[in-house]
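# Reading the structure
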Amino acid sequence: MAEPGDRRGVSEEERLARAALTRLVEPGDTTAGRWLRRMGPVALRRALSGQGPPPPGAGRERLAGCALRAAGLDPAADLARAAGRGGRFLCPGDREWPGQLDDLGDARPVGLWVRGPASLRIWALRSVALVGARACSDYGAHVAATLAAGLSERGWVVASGAAHGVDGAAHRGALAAGGATIAVLASGVDVPYPRGHTELIERIAEQGLVVAELPPGAHPTRSRFVLRNRVLAALTRGTVVVEAQYRSGSLVTARRARDLGRFTMGVPGPVTSGLSAGVHELLRGEAVVVTDADEVAELIGGIGELAPEKRGPLVERDLLDPVTARVLEALSAQGGNDLREVARESGSGCDETLSRLYELLALGFVERRGDRWELVPPARRNGGVRRGGPPNRGNRVKGLGR
């Protein structure tokens, strides 16, 4: 297992160049990603800083904007600032780099700023994104926390965006269960956002992992939240959406996960709730319904991680063999039947029917009155006392070990 500090495979010159590029280009910039792939990080940093030939096809305005950002650029100071907060900067080629991020192609992060003691690569191998509405309902918060706790208990890492609502509930649910959680921020790793989640994000940095594309000190913008979602989608094995309206960043995450070949899941909600409208639209053709952690683990896990079969409550009649059940069903609820009537209705011979009736008598389902057999009312069968004997519950099917 690679240790978090083990970054072999990348030179310090490349690390400094990539750290600088996180200030020069925006996350998810495919044009910059294409330049990076063709030129390499060191040459691209020089080109965008005005210290070398411009990248092919770079416009004047684009270069002017990069020149403004390059003023006062000090990647070594950024690396030191991150290290002072217990952080590090990962690059493609490092042993801790999650290879699944390469599926993003030219939209792959230039690098990742990380805080936390664990290996991002190892944790990401068995992780699931749990996202949803910021202004979620009590139902959404409860489901998110319960799902996260259940997944944690099954050894899955829960990843989310540390936002209000479903994201925060997911992180808290994982932490409460003693599980692992990853927060992917749209700001620098040293800039907790939202401010109301400062304590939560600091706790995640201590017990889990906080990840960001933006350098230390960077603040989030609307577009950066959307672009952050592609990292969540690519980093994890699948994405679960708990609550989302029609226009929701959570749906962007889910659809990006689908496009990347990841599992896309949704938790249904009330059909009258606008907060679930986006999830329901997703479930109409793009996602799989899940209702608990077992179902999520079955879908994204390995062979043998099957969710338990869900069935309705077991009742005593379910434990009767088919012939006995048929004889029981042949009895009229009004006044009972004689032996021949029961045999005719059940399709059994009289001797077989009589044997089954006495079995049902012993189990407390029927009673005999002269030549007629009558059903015992449920209230008497479940809690009453039979004449001449102990409480009826002693003769129930479960008591006989059937």
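Residues numbered from 1 in each chain as written. Predicted model: local features only at pLDDT ≥ 70, side-chain atom pairs only at ≥ 80, totals over all residues. Heavy atoms only, no water.

## Notes on the pairing of strand β4 (residues 157-160)
Side chains of β4 alternate between two faces, with Val157 and Ala159 and Val158 and Ser160 buried alike. Here strand β3 (residues 127-131) pairs with β4 via three bridges, running parallel. Within the sheet, the bridge partner assigned to Ala129 lies in β4 and is Ala159. Handedness of the crossover is the feature at issue here: the chain leaves β3, passes through helix α7 (residues 138-153), returns alongside β4, and the resulting connection is right-handed. In this sheet, strand β5 (residues 181-185) lies alongside β4 in parallel orientation, the contact comprising three bridges. Counted as the bridge partner of Val158 is Thr181 from β5. Chirality of the crossover, the property in question, places the unit of β4, helix α8 (residues 166-176) and β5 among those that are right-handed. (Buried < 20%, exposed > 50% of the residue type's maximum accessible area, 1.4 Å probe, protein only. Helix = DSSP H or I, 4+ residues; strand = E, 2+ residues; numbered from the N terminus. Pairing = 2+ DSSP bridges. Right-handed = clockwise from strand over helix to strand, strands pointing away.)

## Section: the sheet that holds β4
Pairing between sheet strands relies on hydrogen bonds along the backbone, with the strands arranged either parallel or antiparallel. Taking strand neighbours across the sheet as the criterion, the nine strands line up as β1-β2-β6-β5-β4-β3-β7-β8-β9 in an open arrangement whose pairing is mixed. Two strands bound the open sheet, and with one partner strand each, they are β1 (87-90) and β9 (288-289). Of the strands in this sheet, β3, β4 and β7 (238-241) are in contact with α7, which crosses β3 at around 175°. The sheet strands contacting helix α10 (residues 222-235) are β3, β4, β5 and β7, and the helix crosses β5 at an angle near 150°. (Contact = heavy atoms within 4.5 Å. Axes fitted to C-alpha atoms, helices over the stretch in contact; angles between N-to-C directions.)

## Looking at the packing of aromatic side chains
To describe a pair of aromatic rings, you give the distance between the ring centres and the angle between the ring planes. For the structure shown, the criterion picks out three aromatic pairs. Residues Tyr358 and Trp373 carry aromatic rings whose centres are separated by 5.2 Å and whose planes lie at 85° to one another, so their mutual orientation is edge-to-face. Within this pair, whereas Tyr358 is found in helix α16 (residues 350-362), its partner Trp373 is found in strand β12 (residues 372-375), the two being separated by 15 residues in sequence. One Lys or Arg, Arg134, reaches over the ring of Phe225 and ends 5.2 Å from the middle of that ring. (Phe/Tyr/Trp six-rings, centres within 6.5 Å; stacked < 30°, edge-to-face > 60°. Lys NZ or Arg CZ within 6 Å of the ring centre and 35° of its normal.)

## A few points about helix α5 (residues 75-84)
What α5 keeps buried is the set Pro75, Asp78, Leu79 and Ala82. For α5, the buried positions fall inside an angular range of 100° around the axis, keeping them on one side. Opposite the packed face of α5, turned more than 90 degrees from it, sit the exposed residues Ala80 and Gly84. Along its buried surface, α5 packs onto α1 (12-24), α3 (41-48), β1 and β2 (112-115). Residue Gly86 follows α5 closely and has a positive phi angle near 75°. (Arc of directions from axis to C-beta.)

## A short note on the sheet that holds strand β11 (residues 366-369)
Spatial ordering of the open sheet is given by β10-β12-β11, a layout of three strands whose pairing is antiparallel. Pairing within the sheet leaves two strands with one partner each, and these edge strands are β10 (337-338) and β11. In this structure, β10 lies alongside β12, joined through two bridges in antiparallel fashion. Paired with Asp338 across the two strands is Arg372, which belongs to β12.

## Some thoughts on the nonpolar core
One finds Leu101, Leu120, Ile182 and Val241 to be the most contacted residues of the largest nonpolar core, which totals 35 residues. Of the residues forming this core, the biggest block, five residues, is contributed by α10. In contact with Leu101, not counting residues within four places along its chain, are Arg108, Leu112, Val231, Ala234 and Leu235. Within the second largest apolar cluster, 25 residues are counted, among which are Ala148, Ala293, Val296 and Ala297. (Core = buried A, V, L, I, M, F, W, Y, C linked by side-chain atoms within 4.5 Å.)

## So, the environment of Ala180
Here Ala180 is to be found in the loop between α8 and β5. Taking relative accessible area as the criterion, Ala180 reaches 17% and is therefore assigned buried. C-alpha of Ala180 to C-alpha of Ala159: the two residues are 21 residues apart in sequence and 8.6 Å apart in space.

## A few points about the packing of helix α2 (residues 30-39) against α3
The N-to-C vectors of α2 and α3 enclose an angle of 125°; their axes lie 7 Å apart at closest approach. Classified by the angle between their axes, α2 and α3 sit oblique to one another. In this structure, α2 crosses over α3, and the sense of that crossing is right-handed. Contact residues: α2 offers Ala32, Trp35, Leu36 and Met39, while α3 offers Pro41, Ala43, Leu44, Ala47 and Leu48. Partitioning the contact of α2 with α3 into residue classes produces nine nonpolar, no polar and no charged. (Parallel < 35°, antiparallel > 145°, perpendicular 65-115°, else oblique. Left-handed = near helix turned anticlockwise from the far one by under 90°. Nonpolar A, V, L, I, M, F, W, Y, C, P; charged D, E, K, R; others polar.)

## Description of the environment of Leu21
Considering the arrangement of structural elements, one finds Leu21 in helix α1. For Leu21, a relative accessible area of 1% puts it in the buried group. The spacing of Leu21 and Pro75 is 54 residues in sequence and 8.8 Å in space, taken between C-alpha atoms. Residue contacts for Leu21: discarding those within four places in its chain leaves Leu36, Pro41, Leu44, Arg45, Leu48 and Val110.

## Thoughts on the pairing of β1
Along β1, one buried face is formed by Gly87 and Phe89 and the opposite face, lined by Arg88 and Leu90, is buried too. When β1 meets β2, the two strands line up antiparallel, connected through four bridges. Residue pairing across strands places Phe89 opposite Trp113, the latter belonging to β2.

## Side note on the confidence of the model for the protein
With 89% of its residues at a pLDDT of 70 or more, the protein has an overall mean of 88. Note on residues 384-402: pLDDT under 50 across the span, and 33 contacts to partners over four residues away in sequence or across chains. (pLDDT = per-residue confidence, 0-100.)

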